[in-house]
Amino acid sequence: MALEALIFDVDGTLANTERDGHLVAFNLAFKELGLDWEWSNELYHELLNVTGGQLRIKYYLKKYNTKFSHDDLDNFVASIHALKTKIYVRLMDEGAVPLRPGVIRLFKEAKEAGLRLAIATTTTPANVDALIANTLGKEALDWFEVIGAGDVVPNLKPAGDIYAYVLAQMNLDASQCVAFEDSHNGILSATEVNLKTIITVNEYTNTHKFDGAMVILNNLGEPSQPFEMIHGASTNSTYVDVAYLQELHAQYC
Ligand code: XBP
Ligand code: MG
């Protein structure tokens, strides 16, 4: 089976949106609503174990703010989250978060080589659109054949639902694709549907377990900025390009 498609996670993989986007937006939303909750970077690191913004807020209340109560918690959390999404989109519009090294280059090279591109993420669809439109331009949304995001599937990562959805939409088998992830929950999700995965870690995930990853890198690298191989078979490649993806695909898929 030849390599046909690349499927990308968004948060933490394409950009450091957790630290510079979501965390900032959560705290601004709490403030705007007069809530005296403020999540530190350290606390957010722990809260990230729970995927999905609404579930993350509920987890925070249950574990770290047990005195807080509300008659209609589901709706209240949904309203906080809606405001947080609005703020996040505004932050993206202001250009708060650049894409990580190698991401733009790889998108362009992959497109030129005829590889199909898709996104599989837990975040809200509006957040993906805002990040892509503000870093690559609105027309870049068309680069992605499928943008699988948020609650289009019943179960968020670490469940494999979102990757299964993207594969079904593209009519592809996992063996024809490579996935890109940054977190333990992300690789669990990809692995559940047998996708082989390249990991690029970040400050929140560099101690995570990535059983089954093809390679673990610090980032995708650029010709002038080689990646650091954290785990994986040695290679002559110094940045992730289509040739290296084909090499990995032939080796693992
Ligand atoms: C991303 C998430 C999301 C974002 C916040 O995980 O878990 O919840 O943190 O976005 P992954 P929302 O990178 O594994 O897809 O607030 O829109 O949920
Ligand atoms: Mg991620």
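Source: prediction; values computed, not measured.

> What is the right way to look at the pattern of salt bridges in this model?
Here the idea is simple: oppositely charged side chains can pair when their charged atoms come close. Using the criterion set out here, one finds eleven salt bridges in the structure. A salt bridge links Lys 157 to Asp 9, with the shortest nitrogen-to-oxygen separation between them at 2.9 Å. Of this pair, Lys 157 sits in the loop between β3 (144-149) and α7 (161-170) while Asp 9 is found in the loop between β1 (5-8) and α1 (17-32), placing the two residues 148 residues apart along the sequence. For the pair Lys 157 and Asp 9, one class covers both residues: buried. Of the charged contacts in the structure, one is a salt bridge between Arg 105 and Glu 109, with a shortest N-O distance of 3.3 Å. Taken together, the positions of Arg 105 and Glu 109, both in helix α5 (residues 103-112) and four residues apart, correspond to about one turn of that helix. Looking at Arg 105, the relative accessible area reads 12%, which means it is buried. Several salt bridges converge on common partners, so that one network encompasses Asp 9, Lys 157 and Glu 181.

> Help me understand the nonpolar core, please; the structure alone is not making it clear to me.
The tendency in soluble globular proteins is for nonpolar side chains to be buried as a group. With 44 residues, the main nonpolar core has Leu 6, Leu 14, Phe 107, Phe 180, Ile 198, Val 240 and Leu 245 as its most contacted residues. Beyond its immediate stretch of four places on either side in the chain, Phe 107 contacts Phe 8, Leu 14, Leu 117, Leu 136, Trp 143 and Phe 144. In this structure, Ile 7, Ala 118, Val 146 and Val 153 belong to the second largest nonpolar core, which totals 18 residues.

> Looking at this structure, I do not really get unusual backbone geometry. What am I missing?
A negative phi holds for most residues other than glycine; trans holds for most peptide bonds. Along the chain, Lys 157 connects to Pro 158 via a cis peptide bond; the corresponding omega equals 15 degrees. As for its placement among the helices and strands, Pro 158 is situated in the loop between β3 and α7. We note that Asn 171 has phi near 55 degrees; this positive angle belongs to a residue other than glycine. By the secondary structure assignment, Asn 171 is in the loop between α7 and β4 (177-181).

> Got a minute to help me understand empty space enclosed by the protein in this structure?
The gaps of empty space that remain are located by a probe, the size of a water molecule, rolled over the atoms. All chains considered together, the criterion is met by one cavity of 30 Å³ or more. In this model, the largest cavity occupies a volume close to 40 Å³. Together, Gly 12, Asn 16, Glu 18, Arg 19, Asn 202, Glu 203 and Tyr 204 line the largest cavity. Here the residues of the lining of the largest cavity are counted per class, giving one nonpolar, three polar and three charged.

> Looking at this model, I keep getting lost on the coordination of the magnesium ion (ligand 2). Mind explaining?
Any two of four tetrahedral donors ideally make an angle of 109.5 degrees at the metal, while pairs among six octahedral donors ideally make 90 or 180 degrees. The protein atoms donating to the magnesium ion (ligand 2) are Asp 9 (OD), Asp 11 (O) and Asp 182 (OD), with metal-donor distances spanning 2.1 to 2.2 Å. Expressed as a motif, the donor residue spacing for the magnesium ion (ligand 2) is D-x1-D-x170-D. Assessed through its relative accessible area of 4%, Asp 9 is described here as buried.

> Could you clarify how one ought to interpret the site of ligand 1 in this entry?
The full set close to ligand 1 counts 17 residues, and Glu 18, His 81, Lys 84, Thr 123 and Thr 124 are the nearest of them. A distance of 2.7 Å separates an oxygen atom of ligand 1 from a polar atom in the backbone of Gly 53. At 3.2 Å, a side-chain N or O of Asn 127 approaches an oxygen atom of ligand 1. Protein chains shield 97% of the accessible area of ligand 1, which is 450 Å² for the free molecule.

> I would appreciate a short explanation of the layout of surface pockets in the present structure.
Considered as a void within the structure, the largest pocket measures approximately 700 Å³ in volume. Around the largest pocket sit 37 residues that line it, and Thr 51, Gly 52, Gly 53, Thr 122 and Thr 123 are the ones nearest its centre. Secondary-structure elements contributing two or more residues to the lining of the largest pocket are α1, α3 (53-64), α4 (73-93) and α8 (184-192). It is α3 that contributes the most residues to the lining of the largest pocket, four residues altogether. A per-class count over the lining of the largest pocket returns eight nonpolar, 20 polar and nine charged.

> I'm lost on the packing of α1 against α4 in this one. Help?
Axes are the key here: two packed helices are described by the angle between their axes and the distance separating the axes. Packing of α1 against α4 leaves a shortest axis separation of 8 Å and a crossing angle of 130 degrees. Overall, the two elements α1 and α4 adopt an arrangement that is oblique. Seen along the crossing, α1 lies across α4 with a hand that is right-handed. Across the interface between the two elements, Thr 17, Gly 21, His 22, Val 24, Ala 25, Phe 26, Leu 28, Ala 29, Phe 30 and Glu 32 of α1 pack against Ile 80, His 81, Leu 83, Lys 84, Ile 87, Tyr 88, Arg 90, Leu 91 and Met 92 of α4. Across the contact of α1 with α4, the residue classes break down as twelve nonpolar, four polar and three charged.

Conventions we followed
- Residues numbered from 1 in each chain as written.
- Chains lettered and ligands numbered in written order.
- Predicted model: local features only at pLDDT ≥ 70, side-chain atom pairs only at ≥ 80, totals over all residues.
- Heavy atoms only, no water.
- Salt bridge = Lys/Arg side-chain N within 4 Å of Asp/Glu carboxyl O.
- Helix = DSSP H or I, 4+ residues; strand = E, 2+ residues; numbered from the N terminus.
- Buried < 20%, exposed > 50% of the residue type's maximum accessible area, 1.4 Å probe, protein only.
- Core = buried A, V, L, I, M, F, W, Y, C linked by side-chain atoms within 4.5 Å.
- Contact = heavy atoms within 4.5 Å.
- 1 Å grid on protein atoms, 1.4 Å probe; cavity = no way out; pocket = protein on both sides within 12 Å on 5 of 7 lines; lining within 4 Å.
- Points joined across faces, edges and corners; volume = space filled by probe spheres on them.
- Nonpolar A, V, L, I, M, F, W, Y, C, P; charged D, E, K, R; others polar.
- Donors = N, O, S within 2.8 Å, 3.2 Å for Na, K, Ca; no water.
- Near = heavy atom within 4 Å.
- Polar contact = N/O pair within 3.5 Å; in protein donor to acceptor, adjacent residues only side chain to side chain.
- Areas by Shrake-Rupley, 256 points an atom, 1.4 Å probe, with all protein chains shown as cover.
- Axes fitted to C-alpha atoms, helices over the stretch in contact; angles between N-to-C directions.
- Parallel < 35°, antiparallel > 145°, perpendicular 65-115°, else oblique.
- Left-handed = near helix turned anticlockwise from the far one by under 90°.

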